Amino acid sequence: MNKFSYIRATSVNDAVQRASTDKDAMFIAGGTNLVDRMKVFLDEPSQLIDISRLEMQRIEPIAGGGLRIGALVSNTAVADHPDVRRNYPMLTRAILSGASQQIRNVASVGGNLLQRTRCPYYYDTAFPCNKREPGSGCPAATGINRMHAIFGASDQCLAVHPSDMCVPLAALDAIVEVEGPKGKRQIPFTEFHRLPGNTPQLDANLEPGELITAVVVPPVPFAKSGVYLKLRDRASYAFALVSVATALDLAGDSIKDARIAMGGVAHKPWRPTDAEKFLIGKPANVETFQQAAEIALQGAKPLTHNSFKVELAKRAIKRSLTVSAKGGGVI
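So, a few notes on the structure that sits alongside this text. (Residues numbered from 1 in each chain as written. Predicted model: local features only at pLDDT ≥ 70, side-chain atom pairs only at ≥ 80, totals over all residues. Heavy atoms only, no water.)

Regarding a nonpolar patch on the surface
Part 1: Nonpolar side chains collect at one region of the surface, where Met1, Phe4 and Tyr6 lie side by side and expose about 310 Å² of accessible area between them.
Part 2: Along the chain, methionine 1 turns up in the segment before strand S1 (5-8). (Patch = residues over 30% accessible without salt bridge, like charges linked within 9 Å, V, L, I, M, F, W, Y side chains within 5 Å. Areas by Shrake-Rupley, 256 points an atom, 1.4 Å probe, with all protein chains shown as cover. Salt bridge = Lys/Arg side-chain N within 4 Å of Asp/Glu carboxyl O. Helix = DSSP H or I, 4+ residues; strand = E, 2+ residues; numbered from the N terminus.)

Topic: the sheet that holds strand S3 (residues 47-50)
Part 1: With parallel pairing, the three strands of this open sheet are ordered in space as S1-S3-S2. Whereas interior strands pair on both sides, the edge strands pair on one side only; in this sheet they are S1 and strand S2 (25-28). Averaged over all pairs of adjacent strands, the angle between their axes in this sheet comes to 25°, without regard to strand direction.
Part 2: Of the strand pairs in this sheet, S2 and S3 are connected by four bridges, and their pairing is parallel. Considered in S3, the bridge of isoleucine 28 is made with aspartate 50.
Part 3: Along the sheet face, helix H1 (residues 12-20) touches S1, S2 and S3 and points at about 165° away from the line of S3. (Pairing = 2+ DSSP bridges. Axes fitted to C-alpha atoms, helices over the stretch in contact; angles between N-to-C directions. Contact = heavy atoms within 4.5 Å.)

Some remarks on the sheet that holds strand S9 (residues 227-231)
Part 1: One open sheet holds the three strands; their spatial order is S9-S10-S11, and the pairing between them is antiparallel. Edge positions in the sheet fall to S9 and strand S11 (254-263), since each has one partner strand and no second. Ignoring strand direction, the axes of neighbouring strands in this sheet form an average angle of 15°.
Part 2: Summarising the sheet, strand S10 (residues 242-251) and S11 pair through nine bridges and their orientation is antiparallel.

Let's talk about the pairing of S11
Part 1: The buried fraction of S11 amounts to seven of the 10 residues, a majority that puts the element mostly inside the structure.
Part 2: If you look at the hairpin formed by S10 and S11, you'll find two residues sitting between the two strands, and glycine 252 has a positive phi there, around 70°. (Buried < 20%, exposed > 50% of the residue type's maximum accessible area, 1.4 Å probe, protein only.)

Take a look at the structure:
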């Protein structure tokens, strides 16, 4: 690693002020992704601002229902929280399907949102990479792209977002609270992460110096039917080829509301809102779910080696909706 200084922030304001006066400074909490990147020179901060002891470690109910989850709450604490397990089971299942228990014990909510792609071309500095060095090229376009995007990609970047936790948070219409030099603001979860476009080096819509302080999960009564289905090459410690989070609100056999989000298919968690709208008012049966899956994948643009993701995602959506219609549960 290159040399860097280390400072322990005494408050959110202190952390923000330090970061805003040094463009090469970086925040560190659990460090489960950042330290790995530093070891291979993907990140070379001038200083690390340790925020791990700040007062952002609580999960609190909010007025009208829902939860406010502090940015420093560990992934394990979120997954094990009784309100999350009872009211947002797909969030628990998503977290438990990712990483190892040891990593989940130290990885933070804020860090999970900001983890970077595991694209092998990004991590291997022997290859060019527009995310690492803008303008250098994207070897995934002509190379092995089995794990890459089928939605929202550009000729600048084909990488996918790696998080499991972020997929149900997108489905639940969560809100990200941040604080920066200009004060506090809230960002809808579906607008927090960016598509690559012409700026693949930018993963999130954060201003310089801004710090994630919490994630607000709104009350979604039918989230109890939530399902998270992760399809991967092996049963543990593997990133998703395709993942799906779904929840259904039923009145008898008719669908009143629906949520669908996908992971492993784009540079950000992907919400097929046209498929959600199609489901409303339809009967909750296999034929309806198949049609919704077809609609959800209409805009897919598979690459040379990942066309299988299209059919895989359709089957995952159909399966997860079927289980959601039965009240949810583990698939």
